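# Examination of the molecular architecture
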Amino acid sequence: MAAGETQLYAKVFNKLKGRSTPSLLDPLLGMGFPAHTALKALAATGRKTAEEASNWLHCHCNDPSLDDPIPQEYALFLCPMGPLLDKLQEFWRESRRQCAKNRAHEVFPHITLCDFFTCEDQKVEYLYEALKRAGDRTLHAFPSALPLVLHSSISYLGFFVNDSPADIIREFAVMFATEASILAGRQPWGHGPWREDTQVPIQKANCTVKPCTKQLHLTLAHKFYPHHQRTLEQLARAINPGHSCQWTAALYSRDMRFVHYQTLRVLFQYKPQNVDELTLSPGDYIFVDPTQQEEASEGWVIGISQRTGCRGFLPENYTERASECDTWVRHRTYTFSAAPDLSSRKDGELSSRRDGEPNPPSSSRSLSSLQSLQVTGRSVLVVRHGERVDQIFGKSWLQQCTTPDGKYYRPDLNFPRSLPKRSRGIKDFENDPPLSSCGIFQCRMAGEALLDSGIRITSVFSSPALRCVQTAKHILGEFKLEKKVKIRVEPGIFEWTKWEAGKTTPTFMTLEEMKEADFNVMLLTCYQPRLPPPGVAKASGHHKCIPPDHSEALIRGILCACPDSGLGVILVVGHGSALDTCTRPLLGLPPRDCTDFAQLVRKIPSLGMCFCEENKEEGKWELVNPPVKTLTHGSNSAFNWRNWIQGN
């Protein structure tokens, strides 16, 4: 940090130190932390205690951005508490389970009062003062109950706040915005610009807070798929807006650098094996920029740790997607008086608008009645293959295990014991690699877990890639079905090659060769494949990764081939792309764009699963939790004892 900026923060501290109330800065400065980093730590932890700020500073000792004068972003929300919040959270869970995640799930239930704005670290306390002043002035006029009216459109569902109560809330937001802009916009150390002997100009930094003066609303669902609208409306009608509720105005902050990043939550501990890897602890949050992952190999991502501020590689299967608001910091709140229980009131009337035209509300159903109507039929389990050998040993894996006379040998225990015979020789394995030894073990573990879950596999479809046929065989082996259930080799499941430049369709083993290698595959005399590989099929357009008609015809063809599966499971073994292309047509979702598709495929680990169930009563398919847990493990690098001895 420049000398002028350091002197500026020192002068700010001297002014704050002169206040009558004890400053949280005192103990931090007493520990030897510079004023600018101490203020940054206080802002990042919500200015709660000096101990929290001290812990934050110790964790961020290697943070390359620690000295950067980047302020936090702040926003003011009106949040429900009590029974109404319980009902809203129940809606959040059920809507995500039945209709998948939408934009509303990224944030807790709230009414936005002021959009995000920036405020310098040393002026955050002025925001707290502005909240208290605005709250005190509005407290007696604040409505005892908010009239919430349910509104719906093709991509939005939520409660609108109408009439005079909405005007009072807007006045409260305007008061806060005005007070915050005045208090935090002024310079706490004097009037006008100030320069030191270094002649470094210090300009007045404005804090501009914009209140929300348009229609106040509490969003229930946003940017969902149109065919989910009816289900979401039915779930929303189960919420009685007249439930007793205490409303709290809450001031939150977030790190403005990561607004457009993905947020991951760490599930398992990880100790770095290389200097460019992150240390992970359960509960950590990692910010990942999806557009900056070119350097990351398969199964890994580059991210920035919220806990330490450091950047590095991490195994993606040690994490799960988190919500946007999980990393927000709650600073101060102002609670208004609790409302009386209005449960005797009727549910909020649904004003459903499509293209601007009002429609009469449809008949409502309770949440319990919706659940009782779910009658399941067929199920489709889509599984990605296990770890393949080139994933571990690279593109030159075949050269590593081939003798000068063209024979296979096992240079590492993670190479398979042997390779099946192919008419054209070992060369064809280069673009059609087998599973590694660990990959075979993964498949057996997954098969064992599926057996323990109680599911019944009635049909199996596999990509013609050797690694997929092997995966299907080892899963069936745990069910003792490898001789009873035949594997139907479906070329249409093979990953589409046009989205990856320079990749061509490999030469697969013939069904006769698979039969000789002890794979219980169904010959062409018994099963005719539905489609050729999508990389060979003529694409209907270049803007999609998988031609829409291909995906639709493939999964419908598989279902038509299994009309009597009953309550059994149709197992589809393919590639990472199959988890998307074999489920979206069932759910009525459109194909993804190429950019989204490529990023998605890269993130799917070995033995990743998607599970779809048919709801016969509703006449639709639903994505549900797979019958088994995920499989997570760490890497194990090669060891050369000779180099180790010489190195010591």
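Residues numbered from 1 in each chain as written. Predicted model: local features only at pLDDT ≥ 70, side-chain atom pairs only at ≥ 80, totals over all residues. Heavy atoms only, no water.

An unreviewed UniProt entry lists the chain under the name Ubiquitin associated and SH3 domain containing A, with Capra hircus as the source organism.

## Focus: the overall build of the chain
Put simply, the test is: Secondary structure elements are taken from DSSP: a helix is a run of H or I of four residues or more, a strand is a run of E of two residues or more, and numbering for both begins at the N terminus. Relative accessibility under 20% of the residue-type maximum defines a buried residue, over 50% an exposed one, and the middle range a partly exposed one, all with a 1.4 Å probe and only protein chains included. Method for areas: the Shrake-Rupley scheme with a 1.4 Å probe, in which residue coverage is limited to the protein chains shown.
Regarding its fold elements, the chain presents 19 helices and 22 strands. Split into buried and exposed, the 648 residues of the chain put 51% on the buried side. With the model as given, the accessible surface of the chain reaches about 31400 Å², and the carbon-plus-sulfur share is 51%.

## Observations regarding the packing of aromatic side chains
What describes a pair of aromatic rings is the distance from one ring centre to the other and the angle between the planes of the rings. Stated precisely, the cut-off is as follows: Here a Phe, Tyr or Trp ring, Trp counted by its six-membered ring, pairs with any other such ring whose centre lies within 6.5 Å, and the pair is stacked when the planes are under 30 degrees apart, edge-to-face when over 60, and tilted otherwise. Distance and angle both matter: a charge sits over a ring if NZ of Lys or CZ of Arg is within 6 Å of the ring centre and within 35 degrees of the ring normal.
Applying the stated rule across the entire model yields 21 aromatic pairs. Centroid distance F258 to Y261: 5.2 Å. Interplanar angle 75°. Geometry classified as edge-to-face. Look at F258 and you get buried, because its relative accessible area is 8%. When its relative accessible area of 27% is taken as the criterion, Y261 is described as partly exposed. Ring-pair connections join several aromatic residues into one group, and the members of that group are F77, F108, F116, Y252 and W328. The ring centre of F429 lies 4.7 Å from the NZ or CZ of R422, which sits over that ring. The cationic tip of K473 hangs over the ring face of F519; the distance from NZ or CZ to the ring centre is 5.1 Å.

## As for the pattern of salt bridges
Counted only if it meets this: Whenever Lys or Arg places a side-chain nitrogen within 4 Å of a carboxyl oxygen from Asp or Glu, that contact is recorded as a salt bridge.
For the structure shown, the criterion picks out 25 salt bridges. Between R170 and D167 there is a salt bridge; the shortest N-O distance is 2.8 Å. Within this pair, R170 and its partner D167 are both found in helix 7 (residues 163-185), separated by 3 residues, close to a single helical turn. Accessibility expressed as a relative area gives 19% for R170, which makes it buried. Here E614 and R378 are joined by a salt bridge, their closest N and O atoms 3.2 Å apart.

## With respect to the packing of helix 12 (residues 437-453) against helix 13 (residues 466-478)
Heads up, the rule is: Axis definition: a line fit to C-alpha positions, over the contact stretch in the case of helices; interaxial angles, taken between N-to-C directions, run 0 to 180 degrees. When describing relative orientation, an angle under 35 degrees is termed roughly parallel and one over 145 degrees roughly antiparallel, while 65 to 115 degrees is termed roughly perpendicular and anything else oblique. Whether a crossing is left-handed or right-handed is set by the direction in which the near helix is turned from the far one by less than a right angle, anticlockwise for left-handed and clockwise for right-handed. Residues count as neighbours in contact if any of their non-hydrogen atoms are within 4.5 Å of one another. Asp, Glu, Lys and Arg are counted as charged, while Ala, Val, Leu, Ile, Met, Phe, Trp, Tyr, Cys and Pro are counted as nonpolar; the rest, among them Gly, fall into the polar class.
Interhelical geometry of helix 12 versus helix 13 gives an angle of 40° and a closest axis separation of 7 Å. Judged by the inter-axis angle, helix 12 sits oblique to helix 13. The handedness of the crossing between helix 12 and helix 13 is right-handed. Counting all contacts with helix 12, which are made through I440, C443, R444, G447, E448, L450 and L451, the residues of helix 13 involved are T471, H474, I475 and E478. Partitioned by chemical class, the residues of the contact of helix 12 with helix 13 number 5 nonpolar, 3 polar and 3 charged.

## Here we look at the side chain of D284
We apply this condition: Whenever a nitrogen or oxygen atom comes within 3.5 Å of another N or O atom, the pair is scored as a polar contact, on the condition that within protein one atom can donate a hydrogen and the other can accept it, and that pairs from neighbouring residues in sequence are kept only if both atoms are in side chains.
Here D284 lies in the loop between strand 9 (262-266) and strand 10 (285-288). Polar side-chain contacts of D284 include one of 3.0 Å to the side chain of R307.

## A few points about the environment of I70
With respect to the helices and strands, I70 occurs in the loop between helix 4 (50-59) and strand 1 (72-81). When the C-alpha positions of I70 and C119 are compared, they lie 9.6 Å apart, and in sequence the two are 49 residues distant. Once you skip the residues sitting within four places of it in the chain, I70 turns out to touch K40, M256 and R257.

## Some remarks on unusual backbone geometry
When glycine is set aside, most residues are seen to have a negative phi, and most peptide bonds are trans. One non-glycine residue, R47, lies in the positive phi region at around 50°. With respect to the secondary-structure elements, R47 resides in the loop between helix 3 (35-44) and helix 4. By relative accessible area, which is 5% here, R47 ends up buried. The phi angle at L607 is positive, at roughly 60°, despite the residue not being glycine. With respect to the helices, strands and loops of the structure, L607 is situated in the loop between helix 18 (594-603) and strand 21 (609-615). Its relative accessible area of 8% is what places L607 among the buried residues.

## Regarding the packing of helix 5 (residues 83-99) against helix 8 (residues 229-237)
Where helix 5 meets helix 8, the closest approach of the two axes is 10 Å, and the angle between their N-to-C directions is 160°. If you check the angle between helix 5 and helix 8, you find them roughly antiparallel. Helix 5 and helix 8 meet at a crossing whose hand is right-handed. Contacts between helix 5 and helix 8 involve F91, E94, S95, Q98 and C99 from the first element and T231, L232, L235 and A236 from the second. Counted by class, the contact of helix 5 with helix 8 contains 5 nonpolar, 3 polar and 1 charged residues.

## Some points on helix 6 (residues 124-138)
To keep it simple, the criterion reads: Multiplying one less than the number of residues by 1.5 Å gives the expected span of a helix.
With 15 residues, helix 6 extends 22 Å from end C-alpha to end C-alpha; this agrees with the ideal 21 Å at 1.5 Å per step. The elements touched by buried residues of helix 6 are helix 3, strand 1, strand 2 (111-119), helix 7, strand 8 (246-254) and strand 14 (329-335).

## Concerning the environment of A180
Relative to the helices and strands, A180 resides in helix 7. According to the relative accessible area criterion, A180 is buried, its value standing at 0%. With 49 residues separating them in the primary sequence, A180 and L131 have C-alpha atoms 7.9 Å apart. Setting aside chain neighbours within four positions, we find A180 in contact with L127, A130, G185, C207 and V209.

## Some points on the sheet that holds strand 10
Here is the rule we go by: Strands pair, by our definition, only if DSSP identifies at least two bridges between them.
Reading across from one edge, 12-11-10-9-13 is the order of the 5 strands in this open sheet, with antiparallel pairing throughout. The open sheet has two edge strands, strand 12 (311-315) and strand 13 (319-321), and neither has a second partner. Along the sheet, successive strands turn relative to each other by an average axial angle of 45°, direction set aside.

## Observations concerning the nonpolar core
Burial of nonpolar side chains together is a common tendency in soluble globular proteins. Our working rule: Grouping buried Ala, Val, Leu, Ile, Met, Phe, Trp, Tyr and Cys residues that are joined through side-chain atoms within 4.5 Å yields what is termed a nonpolar core.
One finds L78, L127, F176, L220 and W247 to be the most contacted residues of the largest nonpolar core, which totals 54 residues. The greatest single-element share of this core, amounting to 9 residues, is contributed by helix 7. Ignoring sequence-local partners within four residues, the contact set of F176 consists of L76, C114, F117, L127, A130, L131, A134, V209 and L251. Ranked by size, the runner-up nonpolar core spans 45 residues in total, among them I440, L481, V485 and V573.

## Thoughts on helix 5
Spanning 17 residues, helix 5 covers 24 Å between terminal C-alpha atoms, matching the ideal 24 Å at 1.5 Å per step. Phi turns positive one or two residues past the end of helix 5, at A100, with a value near 70°.

## Regarding the environment of F519
By the secondary structure assignment, F519 is in the loop between helix 14 (511-516) and helix 15 (548-560). For F519, a relative accessible area of 6% gives the class buried. Look past the residues within four positions of F519 in its chain and what remains in contact with it is L466, V469, Q470, K473 and M514.

## Examining the pairing of strand 11 (residues 300-305)
Counting buried positions along strand 11 yields 6 of 6 residues, so the element is predominantly enclosed. In strand 11, alternate side chains face the same way, and those of W300, I302 and I304 on one face and V301, G303 and S305 on the other are all buried. What sits between strand 11 and strand 12 in their antiparallel hairpin is a turn of 5 residues, with G309 showing a positive phi close to 80°.

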